[in-house]
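Observations on the three-dimensional arrangement
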Amino acid sequence: MWILRSSEPDGSLTFRLGPGAIKTVGRASRADFIIDAALVSRLHCRLEAGNERLDVVDLESTNGTFVNDARVVDRAKVAEGDRLRVGRVELTVTRDDD
């Protein structure tokens, strides 16, 4: 299972994706994972979880999606320990294989 947790001290945002999950991230109520924050598009990006890899697809967001400060042009691989930034919200990626 992939876990994305905000870098805020309270860890207020935590998202979990099991293998095969495809989830959207954005501030719209129709997004699977809602981030109600500045600079986040209504449907900002899509996460595609596999057993061994996690991919992020930018959905033509206004302010971009970033993995370790590198802008995602179309699609990028995300690994354990990487930082995924959506708007001003930074999420750290970990795995839980239990």
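Everything below is about the structure shown above.
What comes next is a walk through the structure. Since we're looking at a predicted model, the values are computed, not measured.

**Concerning the pairing of strand β11 (residues 89–95)**
- The pairing of strand β1 (residues 2–6) with β11 spans 5 bridges and is classified as antiparallel. Each residue of the ladder has a partner; that of R5, found in β11, is T92.
- As paired elements, strand β10 (residues 83–86) and β11 share 4 bridges and run antiparallel to each other. The partner of R85 across the bridge, within β11, is E90.

**Looking at the packing of aromatic side chains**
- This structure, assessed with the given rule, holds 1 aromatic pair.
- Ring centres 4.5 Å apart and planes at 15° place the aromatic pair F15 and F33 in the stacked group. Of this pair, F15 sits in strand β2 (residues 14–17) while F33 sits in strand β4 (residues 33–34), and the two are 18 residues apart along the sequence.
- Accessibility expressed as a relative area gives 10% for F33, which makes it buried.
- If you follow R85 out to its NZ or CZ, it ends over the ring of F66, 4.2 Å from the centre.
- Above the face of the W2 ring, R95 is positioned so that its terminal group lies 4.7 Å from the ring centre.

**Regarding the sheet that holds strand β7 (residues 65–67)**
- With antiparallel pairing, 6 strands are arranged side by side in an open sheet as β2-β1-β11-β10-β7-β8. Each of the sheet's edge strands pairs with one partner strand only, and the pair in question is β2 and β8 (70–71).

**Brief notes about unusual backbone geometry**
- The backbone of L39 shows a phi angle near 70°, a positive value even though the residue is not glycine.
- Its location among the elements puts L39 in the loop between β4 and β5 (45–49).
- With a phi angle near 50°, N68 is a residue other than glycine that sits in the positive phi range.
- For N68, the location among the structural elements is in the loop between β7 and β8.

**Topic: the sheet that holds strand β3 (residues 22–26)**
- Read across the open sheet, the 5 strands follow the order β4-β3-β5-β6-β9; overall the sheet is mixed. With partners counted over all chains shown, the strands left at the sheet margins are β4 and β9 (75–78), one partner each.
- When β5 meets strand β6 (residues 54–58), the two strands line up antiparallel, connected through 5 bridges. Bridged to C45 within β6 is D58.

Rules and cut-offs
- Residues numbered from 1 in each chain as written.
- Predicted model: local features only at pLDDT ≥ 70, side-chain atom pairs only at ≥ 80, totals over all residues.
- Heavy atoms only, no water.
- Pairing = 2+ DSSP bridges.
- Helix = DSSP H or I, 4+ residues; strand = E, 2+ residues; numbered from the N terminus.
- Phe/Tyr/Trp six-rings, centres within 6.5 Å; stacked < 30°, edge-to-face > 60°.
- Buried < 20%, exposed > 50% of the residue type's maximum accessible area, 1.4 Å probe, protein only.
- Lys NZ or Arg CZ within 6 Å of the ring centre and 35° of its normal.

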